[in-house]
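# Topology and contacts: notes
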Amino acid sequence: MPRQPRRRSYDQHCAAARALDLVGDRWTLLVVRELLAGPRRYTDLHADLPGVSTDMLAGRLKDMESAGLVTRRRLPPPASASVYELTPRGRDLLPVLRSLAAWGASDLGEPRPTDAVRAHWYAIPLLGPLAELGAGVVQVTLDEGEFHVRIGDDGSVEYGDGVYEGGRLSGGAGDAPDVRLRTDAATCRALAEGESTLAGAIESGRATLERLTRVP
């Protein structure tokens, strides 16, 4: 299958047009969404971007590398695999995706029969509500999977796919976050749409929260 052609420039001396020259192509911002959750192998990206063709994904990644949004590096042995990760400029797109998610939350509704669902796709709209818990790491568990959110002392937020793998419990074995939150996709949608607060979801039993003690 021939590679999809890159969109031509809008040729407009406008900051929004310049930005769209770089990230306005189909799938580009969704690739950013995946890589904001951490470095990913090509096969993992393809698996979590259902509907994208291998040719399209390869083309987008190549364009994003050329634009300075993505880099590729080889993992050391025994992994023997390459991963893609965002550059600092690519990570600067998090506020853009947060604004898009906030704007689109009212249209989210119930999943359609054709909709794919991944747990970490709820991370972006939940960054605001989870930041209210204060600095630390929040592990979020849904029926669809798990993701974690890291909240800085300055209120900055970032998220990762899967189980958090840093820090240790006091008096216990293994790695643990600061907070564990268990809820469901419907509650995530209510939080994203502003129909519920995190405190309200916990009080009503729609979410359960457990604070853990960690030691350095």
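Residues numbered from 1 in each chain as written. Predicted model: local features only at pLDDT ≥ 70, side-chain atom pairs only at ≥ 80, totals over all residues. Heavy atoms only, no water.

## Section: the overall build of the protein
Quick reminder of the rule: Think of it this way: any DSSP run of H or I at least four residues long counts as a helix, any run of E at least two long counts as a strand, and we number them from the N terminus. With the radius of gyration taken over C-alpha atoms, the globule rule is written as 2.2 Å times the number of residues to the power 0.38. A 1.4 Å probe and the Shrake-Rupley method give the accessible areas. Residues count as covered only by the protein chains that appear here. Charge counting treats Lys and Arg as positive and Asp and Glu as negative, with His and both chain ends excluded. We put the charge of a Lys on NZ, of an Arg on CZ, of an Asp on CG and of a Glu on CD.
Each helix and strand in the protein was counted, giving 9 helices and 9 strands. Computed over the C-alpha atoms, the radius of gyration of the protein is 19 Å, within 12% of the 17 Å expected from 2.2 N^0.38 for a compact globule of 216 residues. C-alpha atoms of the protein, sized along the principal axes, occupy 55 × 45 × 35 Å. Carbon and sulfur atoms form 52% of the exposed surface of the protein, whose accessible area is close to 12,000 Å². Each charge sign in the protein was given a centre, from 27 positive and 30 negative side chains, and these centres are 7 Å apart.

## Overview of the nonpolar core
The line we're drawing: The definition of a nonpolar core used throughout is a set of buried Ala, Val, Leu, Ile, Met, Phe, Trp, Tyr and Cys residues joined through side-chain atoms within 4.5 Å. Remark: exposure states derive from per-residue accessible area (1.4 Å probe, protein chains only) relative to the maximum for the residue type, with buried under 20%, exposed over 50%, and partly exposed in between. Two residues form a contact once any of their heavy atoms are found within 4.5 Å.
Counting 46 residues, the largest nonpolar core has L130, V138, F147 and Y159 as its most contacted members. Among the elements that line this core, the one with the most residues is helix α7 (residues 123-131), at 5 residues. Setting aside its immediate chain neighbours within four residues, F147 contacts A119, H120, Y122, A123, L126, V138, Q139, V140, L142, G160, D161 and G162.

## Examining unusual backbone geometry
Positive phi, close to 55°, is recorded for D11, a residue that is not glycine. Within the fold, D11 resides in the segment before α1 (15-23). A relative accessible area of 61% means that D11 is categorised as exposed. At W27, a residue that is not glycine, the phi angle is positive and equals roughly 85°. The residue W27 is located in the loop between α1 and α2 (28-35) in this model.

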